[in-house]
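If you want the building blocks of each chain, they are given just below.
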Amino acid sequence: LHTRGVLERYIDIVMGEIAEQSVIKWVQSQGKFAQSAVDKTSGRPDSGRDVLFHSREGRSISCSVKSSLSVHHSNVADMLSQFHLASKQSEIRGINIQVYFWLDLSSKPRVTVPTEKNMAIIGWLGRKDLKGIAESAYATEARPVVRAPLNGMRPMRDLLELLG
């Protein structure tokens, strides 16, 4: 990644935390089991397992939640057609969820920082959905990303059918 200042790293962490908690809250509001898989007090980086779900059979399913920020697109339909799951192959888990925040510099009032009002849980893909999908360079940074377009993600409601 490019060199990031303290404030940029902080904002990235906060967006990630809000994304994870939003996914957990939504799944729980649908009557399904979800809990954080990260020990926030350990002082160590997490293993990439952000959330734990239970399958209908009762087994644990680890989930990676990726959060991203769109500066140039404030319309979700545009984001769906332009962006990919923000994950490397090594970060793929049983379930992979993408959350997007967006700025809106033309609205009144303008939205110039990430907010929960300008946030959407885009969808999910399972590990099998991502098998064989190539990795390429991220559009604006020299880092790998799987080429799984957001408009090909499964709706969050479909995830509920797999969860207990």
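For clarity, every value in this text was computed on a predicted model and none was experimentally measured.

(A) Summary view of the overall build of the protein. Of regular secondary structure, the protein possesses 3 helices and 7 strands. In the protein, the succession of α and β elements from N to C terminus is α-β-β-β-α-β-β-β-β-α. Against the globule reference of 15 Å for 164 residues, the protein gives a C-alpha radius of gyration of 16 Å, in line with a compact fold. Across its three principal directions, the C-alpha atoms of the protein cover 45 × 35 × 35 Å. Burial status across the protein gives 37% buried among its 164 residues. Of all intrachain contacts in the protein linking residues separated by at least 6 positions in sequence, the fraction that spans at least 24 positions is 61%.

(B) A look at a nonpolar patch on the surface. Residues Leu 7, Tyr 10 and Ile 11 make up a contiguous nonpolar surface patch of about 320 Å² in total accessible area. By the secondary structure assignment, Leu 7 is in helix H1 (residues 6–29). Looking at Leu 7, the relative accessible area reads 59%, which means it is exposed.

(C) Summary view of the packing of aromatic side chains. All chains considered together, the criterion is met by 1 aromatic pair. With centroids separated by 5.1 Å and ring planes inclined at 10 degrees, the aromatic side chains of Phe 83 and Tyr 100 adopt a geometry described as stacked. Here Tyr 100 lies in strand E4 (residues 95–102) and Phe 83 lies in the loop between helix H2 (76–82) and E4, a separation of 17 residues in the sequence. The class for Tyr 100 is buried, based on a relative accessible area of 3%.

(D) Geometry of the pattern of salt bridges. Enumeration according to the criterion identifies 4 salt bridges in this entry. Notably, a salt bridge pairs Glu 8 with Arg 4, separated by 3.4 Å at the nearest N-O pair. Using a relative accessible area of 31% as the deciding quantity, one classes Glu 8 as partly exposed. Here the residues in one salt-bridge network are Arg 4, Glu 8 and Asp 12, joined through shared partners.

(E) Layout of the environment of Ser 36. Locating Ser 36 in the fold gives a position in strand E1 (residues 34–36). For the pair Ser 36 and Phe 53, spaced 17 residues apart in the sequence, the C-alpha separation amounts to 9.1 Å. With residues up to four places along the chain from it excluded, the contact list for Ser 36 reads Ile 24 and Asp 50. In this structure the side chain of Ser 36 is engaged in a polar contact, spanning 3.2 Å, whose partner is the backbone nitrogen of Val 38.

(F) Quick look at unusual backbone geometry. Put simply, Lys 108 and Pro 109 share a cis peptide bond, and its omega is -5 degrees. As for its placement among the helices and strands, Pro 109 is situated in the loop between E4 and strand E5 (119–126).

(G) How the structure looks around the pairing of E4. Counted residue by residue, E4 has 8 buried out of 8 residues, so it is predominantly covered. Note that strand E3 (residues 60–70) and E4 share 8 bridges and pair parallel. For Lys 66, the partnering residue across the bridge sits in E4 and is Gln 98. Where E4 and E5 come together, 7 bridges link them in antiparallel fashion. Across the sheet, Gln 98 pairs through a bridge with Gly 123, a residue of E5.

(H) Structural detail: the sheet that holds E5. Sheet architecture is open: 5 strands sit in the order E1-E2-E3-E4-E5, paired in mixed fashion. Two strands close off the open sheet at either side, each with one partner strand: E1 and E5. On average, each strand axis in the sheet is inclined to that of its neighbour by 30 degrees, with strand direction left out of account. Note: strand E2 (residues 51–54) against E3, 4 bridges, orientation antiparallel.

Calculation notes
- Residues numbered from 1 in each chain as written.
- Predicted model: local features only at pLDDT ≥ 70, side-chain atom pairs only at ≥ 80, totals over all residues.
- Heavy atoms only, no water.
- Helix = DSSP H or I, 4+ residues; strand = E, 2+ residues; numbered from the N terminus.
- Rg over C-alpha atoms; globule rule 2.2 N^0.38 Å.
- Buried < 20%, exposed > 50% of the residue type's maximum accessible area, 1.4 Å probe, protein only.
- Contact = heavy atoms within 4.5 Å.
- Patch = residues over 30% accessible without salt bridge, like charges linked within 9 Å, V, L, I, M, F, W, Y side chains within 5 Å.
- Areas by Shrake-Rupley, 256 points an atom, 1.4 Å probe, with all protein chains shown as cover.
- Salt bridge = Lys/Arg side-chain N within 4 Å of Asp/Glu carboxyl O.
- Phe/Tyr/Trp six-rings, centres within 6.5 Å; stacked < 30°, edge-to-face > 60°.
- Polar contact = N/O pair within 3.5 Å; in protein donor to acceptor, adjacent residues only side chain to side chain.
- Pairing = 2+ DSSP bridges.
- Axes fitted to C-alpha atoms, helices over the stretch in contact; angles between N-to-C directions.

These values are about where atoms sit, not about what they do.
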